[in-house]
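# Architecture at a glance
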Amino acid sequence: MDAHLNPISRVGVVGLGTIGSQELALWQRTGRETVGFDVSEPRIKALGSQAGSRLSTRIGDLNDADALILCLPNLSPSGENSMAAFDRFVADAQSLDEKERLVVVASTVPIGFTRELAARFGANGRLVAHAPERFDPGRGTELGEIPRVVGALTVEAMKLTIDLYKQAGVTTHPVDPIEVAEASKLLENSFRLVNISFINEFAELCRRLGIVAADVIDAAATKPFAFMAHQPGVGAGGTCIPTMPRYLLDAARQNGLEMPILQDAVTGNEQIIERVAGHLRELLSASGIERGRVLVVGASYKPNYPDARASAAIAFARGLAKHHSVVVYDPIVDSANFPKDVELVRSMPETRFDAVVIALKHRDTNVDALRQLSPVLIDLVRGAVEVTESLSTRK
Ligand SMILES: NC(=O)c1ccc[n+]([C@@H]2O[C@H](COP(=O)([O-])OP(=O)(O)OC[C@H]3O[C@@H](n4cnc5c(N)ncnc54)[C@H](O)[C@@H]3O)[C@@H](O)[C@H]2O)c1
């Protein structure tokens, strides 16, 4: 079937968070007219004016768009998996003018979700596709450089989506049925979580054995095949990797299946925080310190990126603060929405601590300077523990 909508001249992006703002920039670069829609007035204000783009909280401003790219969240504000933002959008979209539009779901969604969503659009659900976003903020790779897996409900929706992304220079990988696209994204997130949970478990063993996990990983990585180096840390954080695998576990449960490896990776990720805290408690109590002064290095959810939402480092600092006096040091974290219950410093402290725990390392993290601050340094990124002087003889 030939596409009726070609060429698409106006692209609307729905949800202008981390991903939506990048999608918008992608379409702006193609020279298209773009319109960005978000329900949050503060978010629209924060984005400021964008050349060639109308940003709005009014759903009616999407009327002109021939294609809508949905970059809506899949978590509730408290971090539970939730597709409520889509419910709200379906309701809001009822007031749009009747006209055929391509709808591309860029969000990560449960398997089967896009098909159900299309059914809720009624007659307008014919041109629905899913092209899950795989952007990795802070990595330095542009969103448009990452190939997009595309699934669609009709041949026409597939053709329109592939043509659209082609015009932005984005490589596409068509799959069928649409559920393959949904499952591929959940597989990517789950694969990452299983590997991160495992490497953290392994790093803990190394710390206990007195060897450095990073040295072991570097050695294993000299094998030219069948090994993929993962870096340890304080656990996977952020709004994707720890949470999206839950959708795969739900799908398994609904189909009478258990996925114990994935389930353990989810719980193992949560446990890493308690395990490191337990190890630190042992180290300190060996020197009679029950309540120590601890510096946690790193607060954002990943290196070289300021976003602290769902940060494992903050969860770790909070857990530690139940037993110790904790200060968090992070020179680049976004302090605007930083939790008030966690003490944050943005420059290298000058006082001494009973222990320093490196939860994550941004570029230029000065480990030598941190070493001077305490007799105990737990470097979770290297999977190493350094005790440089007896705690009981420290000044
Ligand atoms: N952040 C990442 O690194 C990343 C990477 C790949 C995929 N994803 C996926 O992309 C999607 C979006 O993630 P994000 O990190 O950009 O989320 P985000 O929380 O940063 O942004 C979501 C935006 O949507 C807005 N919004 C909420 N409900 C809305 C509605 N009904 N209508 C219009 N706007 C609405 C919010 O105000 C917010 O600005 C998620 O499904 C996520 O899993 C995220």
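## So, the overall build of the protein
- Within the protein, the regular secondary structure consists of eleven helices and 14 strands.
- For a compact globule of 395 residues, the expected C-alpha radius of gyration is about 21 Å, and the protein comes in at 24 Å, within 12% of that figure.
- Each principal axis of the C-alpha atoms in the protein carries an extent, and together these give about 80 × 45 × 35 Å.
- Put simply, the protein has 395 residues, and 40% of those count as buried.
- Nonlocal contacts in the protein, meaning residues at least 24 apart in sequence, comprise 66% of its contacts between residues at least 6 apart.

## What about the domain arrangement of the protein?
- Examined at the domain level, the protein breaks down into domain 1 (10–176) and domain 2 (211–393).
- Its C-alpha centre places domain 1 at a distance of 34 Å from the equivalent point of domain 2.
- Contact residues are listed per partner, giving eight residues for domain 1 and 14 residues for domain 2.
- Per-class residue counts for the side of domain 1 that touches domain 2 are four nonpolar, four polar and no charged.

## Here's the deal with the nonpolar core
- Formed by 53 residues in total, the largest nonpolar core has its most connected members in V234, V296, A313, F316, V356, V357 and A359.
- With seven residues, the top contributor of residues to this core is helix 9 (residues 260–285).
- What A313 contacts, discounting residues up to four positions off in sequence, is V234, G237, V296, G298, A299, A359 and L360.
- In this structure, V14, L55, A152 and I178 belong to the second largest nonpolar core, which totals 47 residues.

## So, the pairing of strand 14 (residues 384–387)
- As paired elements, strand 13 (residues 376–379) and strand 14 share four bridges and run antiparallel to each other. Among the inter-strand pairings, V376 is bridged to a residue of strand 14, identified as V387.
- Hairpin connection of strand 13 to strand 14: four residues between the antiparallel strands, including G383 at a positive phi of 70 degrees.

## Here we look at the site of the ligand
- Around the ligand, the structure places 27 residues, and the nearest of them are G15, G17, I19, A85 and S107.
- Class assignment for the residues of the shell around the ligand results in 13 nonpolar, nine polar and five charged.

## Things to note about the packing of helix 6 (residues 178–209) against helix 9
- Closest axis-to-axis distance for the helix 6/helix 9 pair is 9 Å, and the angle between their directions is 35 degrees. Crossing hand, helix 6 versus helix 9: left-handed. Residues S190, L193, V194, I196, S197, N200, E201, E204 and R207 of helix 6 touch helix 9, and the partners they reach there are I261, L262, A265, V266, G268, N269, I272, R275 and H279.

## Re the packing of helix 9 against helix 10 (residues 312–321)
- Contact geometry for helix 9 and helix 10: axes closest at 10 Å, N-to-C directions at 45 degrees. Between helix 9 and helix 10, the interaxial angle falls into the category oblique. Helix 9 and helix 10 meet at a crossing whose hand is right-handed. Contact residues: I273, E274, V276 and A277 in helix 9; A312, A315, F316, G319 and L320 in helix 10.
- Tallied by class, the residues present in the contact of helix 9 with helix 10 amount to seven nonpolar, one polar and one charged.

## Observations concerning the sheet that holds strand 13
- A sheet is described by the order of its strands in space; here six strands give the open sequence 11-10-9-12-13-14, paired in mixed fashion. The open sheet has two edge strands with one neighbour each: strand 11 (344–345) and strand 14.
- Where helix 9 meets the sheet, it contacts strand 12 (355–358) and strand 13, and its direction lies at approximately 160 degrees from that of strand 12.
- Across the sheet, helix 10 is in contact with strand 9 (293–297) and strand 10 (325–329); its angle to strand 9 comes to roughly 175 degrees.

## Notes on the sheet that holds strand 1 (residues 10–14)
- The sheet built from eight strands is open, its strands ordered 3-2-1-4-5-6-7-8 with mixed pairing. In the strand order of this sheet, the two ends are held by strand 3 (53–56) and strand 8 (172–174), each with one partner. Neighbour-to-neighbour, the strand axes of this sheet turn through a mean angle of 25 degrees, independent of strand direction.
- Bridge analysis of strand 5 (residues 102–105) against strand 6 (residues 128–130) gives three bridges, and the strand direction is parallel. Opposite V103, over in strand 6, you have V128 as the bridge partner.
- Against the sheet, helix 5 (residues 155–167) contacts strand 4 (67–70), strand 5, strand 6, strand 7 (148–152) and strand 8, and its axis sits at roughly 155 degrees relative to strand 7.

## What about helix 8 (residues 245–254)?
- Inspection of helix 8 places P245, Y247 and L248 among the buried residues, and these make up the whole buried set. The buried residues of helix 8 occupy an angular sector of 155 degrees when the element is viewed end-on, so they sit on one face. Facing away from the buried surface of helix 8 by more than 90 degrees, the exposed residues are R253 and Q254.
- Looking at the buried positions of helix 8, the neighbouring elements they touch are helix 6 and helix 9.
- Phi turns positive, to about 70 degrees, at G256, one or two residues after helix 8.

## What to know about helix 1 (residues 18–29)
- Taking 1.5 Å per residue as the helical rise, helix 1 with its twelve residues ought to reach 16 Å, and the 17 Å between its terminal C-alpha atoms agrees with that figure.
- Those residues of helix 1 that sit buried are I19, G20, S21, E23, L24, L26 and W27.
- Here the buried face of helix 1 lies against strand 1, strand 2 (33–37), helix 2 (41–47), strand 3 and strand 4.
- Positive backbone phi, approximately 85 degrees, marks G31, located one or two places after helix 1.

## Let's talk about the pairing of strand 13
- Side chains V376 and I378 of strand 13 all project onto a buried face; the interleaved residues L377 and D379 project onto the opposite face, where all are buried too.
- Sheet topology places strand 12 next to strand 13; three bridges connect them, and they run parallel. Bridge pairing links V356 to L377 in strand 13.

## Remarks on the environment of A203
- With respect to the helices and strands, the residue A203 is situated in helix 6.
- C-beta crowding within 10 Å serves as the criterion here: with 27 such atoms nearby, A203 is assigned to the buried category.
- If we skip the residues at most four places from it in the chain, A203 touches A213, P232 and G383.

The rules behind each value
Residues numbered from 1 in each chain as written. Predicted model: local features only at pLDDT ≥ 70, side-chain atom pairs only at ≥ 80, totals over all residues. Helix = DSSP H or I, 4+ residues; strand = E, 2+ residues; numbered from the N terminus. Rg over C-alpha atoms; globule rule 2.2 N^0.38 Å. Buried ≥ 20, exposed ≤ 12 C-beta atoms within 10 Å, placed from the backbone. Contact = placed C-beta atoms within 7 Å. Domains from an automatic or database assignment. Nonpolar A, V, L, I, M, F, W, Y, C, P; charged D, E, K, R; others polar. Core = buried A, V, L, I, M, F, W, Y, C linked by C-beta atoms within 7 Å. Pairing = 2+ DSSP bridges. Near = placed C-beta within 6 Å. Axes fitted to C-alpha atoms, helices over the stretch in contact; angles between N-to-C directions. Left-handed = near helix turned anticlockwise from the far one by under 90°. Parallel < 35°, antiparallel > 145°, perpendicular 65-115°, else oblique. Arc of directions from axis to C-beta. Expected span 1.5 Å × (residues − 1).

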